[in-house]
Amino acid sequence: MSSIFHVNSSCRESILDVPATLGRHNKRWHLAFATIYCSRALHSLLNKKKSSKPLVSTHSFVVLSVEPHLAFPNIDHTSLTAVVKEKNLDQLRELGGVEGVADALKTDTKNGIRGAVEDANRQFEKLSKVSNNIEVEVVRGGHRQKISIFDIVVGDVACLKIGDQVPADGLFLAGHSLQVDESSMTGESDHVEINSSQNPFLFSGTKVADGYAQMLVTSVGMNTTWGEMMSTISRDNNEQTPLQARLNKLTSSIGKVGLAVAFLVLVVLVVRYFTGNTEDENGNQEFNGSKTKADDIVNAMVRIIAAAVTIVVVAIPEGLPLAVTLTLAYSMKRMMADQAMVRKLSACETMGSATTICTDKTGTLTLNQMKVTKYWLGKEPVEDSSSIATNVLKLIQQGVALNTTGSIYRATSKSEFEFSGSPTEKALLSWAVLELDMDMERLKQNYTILHVEAFNSEKKRSGILMRKKADNKIHVHWKGAAEMILAMCSSYYDASGSMKELDDGERMTFEQIIQGMAASSLRCIAFAHKQIPEEEQEIREGAQKLKEDSLTLIGLVGIKDPCRPGVRKAVEDCQYAGVNVKMITGR
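Since the structure is predicted, the reported quantities are computational estimates derived from the model, not experimental observations.

Caption draft 1: Local environment of the overall build of the protein chain. Counting secondary structure elements, the protein chain contains 18 helices and 20 strands. Buried positions account for 36% of the 587 residues belonging to the protein chain. Across the protein chain, contacts joining residues at least 24 apart in sequence account for 69% of those joining residues at least 6 apart. A total of about 34500 Å² of accessible surface is found on the protein chain, and carbon and sulfur atoms cover 53% of it.

And the structure:
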């Protein structure tokens, strides 16, 4: 036995001679390999050494302590994932900001992670079979390289540009004018601005609508927000629907009644047989005391028991719950074909009992294809763009072309215009180019942008400070939610292009126009302008502050998102069936 122990010890000592150059992670894998190898060597030796004496087992072993999240011991990955999902800026600052997270993940924000990653460090799982193998550009070892989206790992520095899909959850590192389309997550069509100070959080599955950036990957695969959504859709939790629960209860009750009836039938048939009240096929009495053969009695008992068992089998509807499950599953597949994602199987059943349907507006009831349908100049609606005064027309073109995050592309003079940006921006650009004959490039060449105040959901407006190159005069242009812009104005242009004072009576008239447009399901956008006096030009230019009062209202624009075909009839059908339809929207 001592020889066996000597072999085991020498084996372990020789293999456990770990080189000092190995890192902590590789040392642990080396230790695990040594334990497994030596155990197999000992087992092989014991099998070869056969003797009549029983062997006394020796408990020689090596203890391995495996630490969770060994790759990132300086940070709790669960907490980091929650920070990104909840957009928790305070907790992100506690972690040292984006730079602190990068240090904890051992990521160089400029050069990325070192080299390629071993499967021991990979924390990625495919979301589903329908996922596309998208190429992602990352920084590894100081140079950019393209990898599969399935090979991206926590700590990677991913490069994003317009049109890219965000490959994982992460944090904004560096970039310029990054705007992300989160409609796949929230259903809202407006783009979300991503920056390092207010909103550095990026989510898997969203798309880059404008700008470019580098992001630090914090969660991948099923740990992302998109991954959790997919897991709730595909998770099989064997949850019973209300109908299935009622059917199981009914089946249990029917089974109990069936057993009772079967037992009663068994007793009655046995009593009738042994009391001589049953006859055979020839009309003779089946049981005649001691004269009846044992074989006849056994055969009769078998027939009686078979009849009772038949009642039990027929009475219990075992296939009914299965039939209901198959029906619900089929309904779910049919709904998925209609682009309706069903998270729980019970939803197919409970919808039959629904009394109220809450639905999103943008992209669900509507086509998410914005179009300008109304324009008010002063207190009059403009039907023909040729009737707009020249001075007002130039101001509208300036406000649309320069105060925008969208862009226009045209390959040749004969090709069609291509508009990019948010749905609202594309609608305004399309209207100004096709109806007002706006030349965006010429306007950009004639003016210098001094300062830009980007649109945000709180102020609901955006503005620019610009200088005209021809005369060096400084102008301010604002656009945004009509009620917000109207509150900043003290005058307005009428239908003839003349400037008039905006008193309380006129202001109330404009408010009624705005309310009327909103009642017609129009998104109302207002434009305002102000030329900065010469004595204020140096102050305005130096302070980089936009004037927010005493503006002149240029006009009101109504943007309509057309209803999706069939929506009206679907709503009417629901109302006819007694189901109320409620529209839930962020507007």
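Caption draft 2: Representation of the confidence of the model for the protein chain. Overall, the prediction assigns the protein chain a mean pLDDT of 79, with 80% of residues at 70 or greater. In the model, residues 39-70 has pLDDT below 50 throughout and makes 24 contacts with residues more than four positions away in sequence or in other chains. Below a pLDDT of 50 lies the segment residues 121-131, which in the model reaches 25 contacts outside its immediate sequence neighbourhood of four places, other chains included.

Caption draft 3: Broad picture of unusual backbone geometry. Non-glycine residue Lys 87 carries a positive phi angle of around 50°. Residue position: Lys 87 is located in the loop between helix 3 (77-86) and helix 4 (89-94).

Caption draft 4: Structural view of helix 13 (residues 423-434). The terminal C-alpha atoms of helix 13, which comprises 12 residues, lie 16 Å apart, in line with the 16 Å expected from a rise of 1.5 Å per residue. Burial analysis of helix 13 places nine of its 12 residues in the buried class, the great majority of the element. Along helix 13, the positions that sit buried rather than exposed are Pro 423, Thr 424, Glu 425, Ala 427, Leu 428, Leu 429, Trp 431, Ala 432 and Val 433.

Caption draft 5: Quick look at the UniProt feature "transmembrane region" (unreviewed entry) in the protein chain. Here the UniProt feature "transmembrane region" (unreviewed entry) sits at residues 254-274 and 304-330. Structurally, residues 254-274 comprises 100% helix and 0% strand, and the distance from its first C-alpha atom to its last is 30 Å. Helix makes up 89% of residues 304-330 and strand 0%, whereas the separation of the span's terminal C-alpha atoms amounts to 42 Å.

Caption draft 6: Spotlight on the packing of helix 8 (residues 242-274) against helix 10 (residues 319-337). Where helix 8 contacts helix 10, the axes come no closer than 9 Å and their chain directions differ by 170°. The orientation of helix 8 relative to helix 10 falls into the category roughly antiparallel. Residues Leu 243, Gln 244, Leu 247, Asn 248 and Thr 251 of helix 8 form the contact with helix 10, whose participating residues are Leu 320, Pro 321, Val 324 and Thr 325. When the residues that make up the contact of helix 8 with helix 10 are grouped by side-chain class, the tally is five nonpolar, four polar and no charged.

Caption draft 7: Quick look at a nonpolar patch on the surface. On the surface, Ile 305, Val 309, Val 313 and Val 314 cluster together into a nonpolar patch covering about 380 Å² of accessible area. The topology assignment puts Val 313 in helix 9 (residues 294-315). Judged by relative accessible area, which is 58%, Val 313 ranks as exposed.

Caption draft 8: Spatial organisation of helix 8. Here helix 8 contains 33 residues, and its C-alpha end-to-end distance of 48 Å stays within 8% of the 48 Å for a straight helix at 1.5 Å per residue. Here the buried face of helix 8 lies against helix 9, helix 10 and helix 11 (346-350). Positive phi shows up at Gly 276, right after helix 8, with a value of about 80°.

Caption draft 9: Main features of the packing of aromatic side chains. The final tally for this structure, using the stated rule, is six aromatic pairs. Measuring from centroid to centroid gives 5.1 Å for Tyr 273 and Phe 274, while their planes differ by 85°, and the two rings are edge-to-face. Taking relative accessible area as the criterion, Tyr 273 reaches 3% and is therefore assigned buried. Judged by relative accessible area, which is 37%, Phe 274 ranks as partly exposed. Between the aromatic rings of Tyr 375 and Trp 431, the centroid separation amounts to 5.5 Å while the plane-to-plane angle is 50°, which identifies the pairing as tilted. Highlighted residues: Tyr 375 in strand 9 (residues 371-377) and Trp 431 in helix 13, separated in sequence by 56 residues. Assessed through its relative accessible area of 7%, Trp 431 is described here as buried. The rings of Tyr 273, Phe 274 and Phe 287 are connected pair by pair, giving a single aromatic cluster. Sitting over the face of the ring of Phe 417, Arg 410 holds its NZ or CZ atom 4.2 Å from the ring centroid. Its end group placed over the ring of Trp 478, Arg 461 keeps NZ or CZ at 5.1 Å from the ring centre.

Caption draft 10: Broad picture of the pairing of strand 2 (residues 143-148). As paired strands, strand 1 (residues 135-140) and strand 2 are joined by six bridges and run antiparallel to one another. Residue pairing across strands places Val 138 opposite Gln 145, the latter belonging to strand 2.

Caption draft 11: How the structure looks around the environment of Thr 404. Of note, Thr 404 is situated in the loop between helix 12 (390-402) and strand 11 (407-409). Residue class for Thr 404 comes out buried when judged on its relative accessible area of 18%. For the pair Thr 404 and Gly 463, spaced 59 residues apart in the sequence, the C-alpha separation amounts to 8.8 Å. When neighbours within four sequence positions are excluded, Thr 404 is seen to be in contact with Glu 425, Leu 429, Met 440 and Lys 479.

Caption draft 12: Expanded view of the environment of Ile 311. Tracing the backbone through its elements, the reader meets Ile 311 in helix 9. Using a relative accessible area of 27% as the deciding quantity, one classes Ile 311 as partly exposed. Residues Ile 311 and Phe 263, 48 residues apart in the sequence, show an inter-C-alpha distance of 9.5 Å. If near-sequence neighbours (up to four positions away) are discounted, Ile 311 is found in contact with Gly 258, Val 261, Ala 262 and Val 265.

Each value, and the rule that gives it
Residues numbered from 1 in each chain as written. Predicted model: local features only at pLDDT ≥ 70, side-chain atom pairs only at ≥ 80, totals over all residues. Heavy atoms only, no water. Helix = DSSP H or I, 4+ residues; strand = E, 2+ residues; numbered from the N terminus. Buried < 20%, exposed > 50% of the residue type's maximum accessible area, 1.4 Å probe, protein only. Contact = heavy atoms within 4.5 Å. Areas by Shrake-Rupley, 256 points an atom, 1.4 Å probe, with all protein chains shown as cover. pLDDT = per-residue confidence, 0-100. Expected span 1.5 Å × (residues − 1). UniProt positions renumbered as here; feature names shortened; annotations may be inferred. Axes fitted to C-alpha atoms, helices over the stretch in contact; angles between N-to-C directions. Parallel < 35°, antiparallel > 145°, perpendicular 65-115°, else oblique. Nonpolar A, V, L, I, M, F, W, Y, C, P; charged D, E, K, R; others polar. Patch = residues over 30% accessible without salt bridge, like charges linked within 9 Å, V, L, I, M, F, W, Y side chains within 5 Å. Salt bridge = Lys/Arg side-chain N within 4 Å of Asp/Glu carboxyl O. Phe/Tyr/Trp six-rings, centres within 6.5 Å; stacked < 30°, edge-to-face > 60°. Lys NZ or Arg CZ within 6 Å of the ring centre and 35° of its normal. Pairing = 2+ DSSP bridges.

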